[in-house]
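Residue-level structural notes
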Amino acid sequence: MAIEIREAKESDATACGRIAYEAFKAIADEHSFPPDIPNIESGVATASMMISHPGFYGVVAELDGKIAGSNFLDERSPISGVGPITVDPQIQNKGIGRRLMLAVMERSERRGFAGIRLVQAGYHCRSLTLYTKLGFDPRAHLACLQGAPMNESIPGTPV
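A few points on the structure. (Residues numbered from 1 in each chain as written. Predicted model: local features only at pLDDT ≥ 70, side-chain atom pairs only at ≥ 80, totals over all residues. Heavy atoms only, no water.)

Section: the packing of helix H1 (residues 13-30) against helix H2 (residues 40-52)
Packed helices, taken two at a time, are described by the angle between their axes plus the distance between the axes. Put simply, H1 and H2 touch, their axes get as near as 7 Å, and they point 130 degrees apart. Relative to H2, H1 is oriented oblique. In this structure, H1 meets H2 at a crossing whose hand is right-handed. Facing Ala13, Thr14, Cys16, Gly17, Arg18 and Tyr21 of H1, the residues of H2 in contact are Ile40, Gly43, Val44, Ala47, Ser48 and Ile51. (Axes fitted to C-alpha atoms, helices over the stretch in contact; angles between N-to-C directions. Helix = DSSP H or I, 4+ residues; strand = E, 2+ residues; numbered from the N terminus. Parallel < 35°, antiparallel > 145°, perpendicular 65-115°, else oblique. Left-handed = near helix turned anticlockwise from the far one by under 90°. Contact = heavy atoms within 4.5 Å.)

Take a look at the structure:
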């Protein structure tokens, strides 16, 4: 298995977006959550924006010449930000995610960022395990709640 990590280019956006959609959908479906990327078109648009934006650095993993995953580094702040990182669900658990993470972590260190952060879905234990093995420390819980407001009020408590 020949894995090559290289900088992302605009022509990679379609493959990266498709893989991002499929990867996020697979893990969300497994846990009965809505996917973070709702459709392939949103995945492609996100990948395209990040690849073309000067404030982001992107890498892709190629397995035998075919894109197998991608990762991005937000470089617009003193603390760099990882993600989204995605690997084709058909070939996960083969070290591709680790290689993609190491690529952006090394970039962050070379560029002299004060630190590096990432946010991940709390239900995705495999990725949490990878991130802790790579030296990340969980710092805070983050909850994203979606839905219609109840349209109720509590006397004396403005919302």
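Some words on the pattern of salt bridges
In the structure shown here, the tally under the stated rule is eight salt bridges. In this structure, arginine 6 engages aspartate 12 in a salt bridge whose closest nitrogen and oxygen atoms are separated by 2.8 Å. Take arginine 6: its relative accessible area is 17%, and that puts it in the buried class. Look at aspartate 12 and you get buried, because its relative accessible area is 3%. Close ionic contact of arginine 6 with glutamate 62 constitutes a salt bridge, the shortest N to O distance being 2.9 Å. Of this pair, arginine 6 sits in strand S1 (residues 3-7) while glutamate 62 sits in strand S2 (residues 56-63), and the two are 56 residues apart along the sequence. Here arginine 6 matches glutamate 62 in class, with each residue buried. Connected through shared salt-bridge partners, Arg6, Asp12 and Glu62 make up one network. (Salt bridge = Lys/Arg side-chain N within 4 Å of Asp/Glu carboxyl O. Buried < 20%, exposed > 50% of the residue type's maximum accessible area, 1.4 Å probe, protein only.)

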